[in-house]
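Here is how the chains run, residue by residue.
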Amino acid sequence: MAASPRSRIAIIGQAPGRKVHASGVPWQDQSGDTLRAWLGVTADEFYNADQFALVPMGFCYPGTGTTGDLPPRPECAPLWHDRLFALMPEIQLTLLIGQYSQARYLGENAADSLTENVRAFRVHQPRFLPLPHPSPRNRIWQSRNPWFEKDLLPVLKAAVTRVLRSSLNGRP
């Protein structure tokens, strides 16, 4: 996790993978490279806690299951998220990466699937933007959903640029 009371954009991911757990640096893997490309930001911008709060649903590596990493531990987000976000009053945009953050934060507005949540991204703006996980394992999902790159990524980059620009100009 990385955050500041001045963070403007919250990225709520799943849980650290094995590589990130070992390094202690959130999103320091292929998924992070893809996510930064989606956002249109450099690593320096991404790791500036005054710009981005990197908050996982689970705070430790949950282990490996039959098809990949196990889900985030269920006790972490309920225990820590409200406390953490109370300390970050400047958040203007929250990116919900994957089904676990979408279920928690979209609540009764969540659709039955990640694809439906992401496809309905306009409904959740300006507060939330649901995204699939940028894992290389999700390249098949992206190829089956070409609207994601065509319709959502430009909106995502514009929203990130708007928030980062407003913080550089001293505006909330």
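That block above? That's the structure.
My aim in this report is to walk through the structure given alongside it, one point at a time. Please read these numbers as outputs of a predicted model, since none were measured by experiment.

Time to look at the nonpolar core. Counting 27 residues, the largest nonpolar core has Ile-11, Leu-39 and Leu-156 as its most contacted members. Counting only elements with at least two residues in this core, the list comes to β1 (9–13), α2 (30–39), β2 (52–56), β5 (93–97), β6 (128–131) and α9 (147–168). Here the element with the most residues in this core is α9; it accounts for nine residues. Every residue in contact with Ile-11, bar those within four places of it in the chain, is listed here: Trp-27, Leu-35, Leu-39, Phe-46, Phe-52, Ala-53, Leu-54, Val-55, Leu-95 and Ile-97. Core analysis: the second largest hydrophobic core is formed by twelve residues, Ala-10, Phe-85, Met-88 and Phe-128 among them.

Let us now look at the pattern of salt bridges. Throughout the structure, instances matching the rule amount to six salt bridges. Among the ionic pairs, Asp-33 bridges to Arg-36, the shortest N-O distance being 2.7 Å. Placement of both Asp-33 and Arg-36 in helix α2 is noted, with a separation of three residues, approximately one turn of the helix. When its relative accessible area of 9% is taken as the criterion, Arg-36 is described as buried. Here Arg-104 ties to Asp-82 by a salt bridge, and the two come within 3.9 Å at their closest N and O atoms. Taken as a pair, Arg-104 in helix α5 (residues 99–106) and Asp-82 in helix α4 (residues 76–86) lie far apart in primary sequence, 22 residues in all. On the basis of relative accessible area, Arg-104 is assigned to the partly exposed category, the value being 32%.

A few words on unusual backbone geometry. Residues Gln-125 and Pro-126 are joined by a peptide bond in cis, for which omega reads 5°. Mapping Pro-126 onto the fold places it in the loop between α7 (121–124) and β6. The backbone of Trp-27 sits at a positive phi, close to 60°, despite the residue not being glycine. Looking at the element boundaries, Trp-27 is found in the loop between α1 (18–23) and α2.

Per the counting criterion, the structure on display carries eight aromatic pairs. Residues Phe-85 and Tyr-105 carry aromatic rings whose centres are separated by 6.3 Å and whose planes lie at 75° to one another, so their mutual orientation is edge-to-face. With Phe-85 in helix α4 and Tyr-105 in helix α5, this pair connects stretches of sequence that are 20 residues apart. Their ring planes at 75° and their centres at 5.5 Å tell us that Trp-141 and Phe-148 sit as a pair that is edge-to-face.

Let us look at the pairing of β1. Most of β1 is tucked away, with five of its five residues classed as buried. Burial along β1 is two-sided: Ile-9, Ile-11 and Gly-13 facing one way and Ala-10 and Ile-12 facing the other are all buried. Pairing of β1 with β2, which is carried by five bridges, proceeds in the parallel orientation. Bridge pairing in β2 places Ile-11 opposite Leu-54. When β1 meets β5, the two strands line up parallel, connected through four bridges. The partner of Ile-9 across the bridge, within β5, is Leu-93.

This part is about the side chain of Thr-94. Secondary-structure assignment places Thr-94 in strand β5. Taking the relative accessible area as the measure of exposure, Thr-94 reaches 8% and is therefore buried. Ignoring anything within four residues of it in the chain, the contact list for Thr-94 reads Ala-10, Ile-12, Arg-127, Phe-128 and Leu-129.

Procedures and definitions
Residues numbered from 1 in each chain as written. Predicted model: local features only at pLDDT ≥ 70, side-chain atom pairs only at ≥ 80, totals over all residues. Heavy atoms only, no water. Core = buried A, V, L, I, M, F, W, Y, C linked by side-chain atoms within 4.5 Å. Buried < 20%, exposed > 50% of the residue type's maximum accessible area, 1.4 Å probe, protein only. Helix = DSSP H or I, 4+ residues; strand = E, 2+ residues; numbered from the N terminus. Contact = heavy atoms within 4.5 Å. Salt bridge = Lys/Arg side-chain N within 4 Å of Asp/Glu carboxyl O. Phe/Tyr/Trp six-rings, centres within 6.5 Å; stacked < 30°, edge-to-face > 60°. Pairing = 2+ DSSP bridges.

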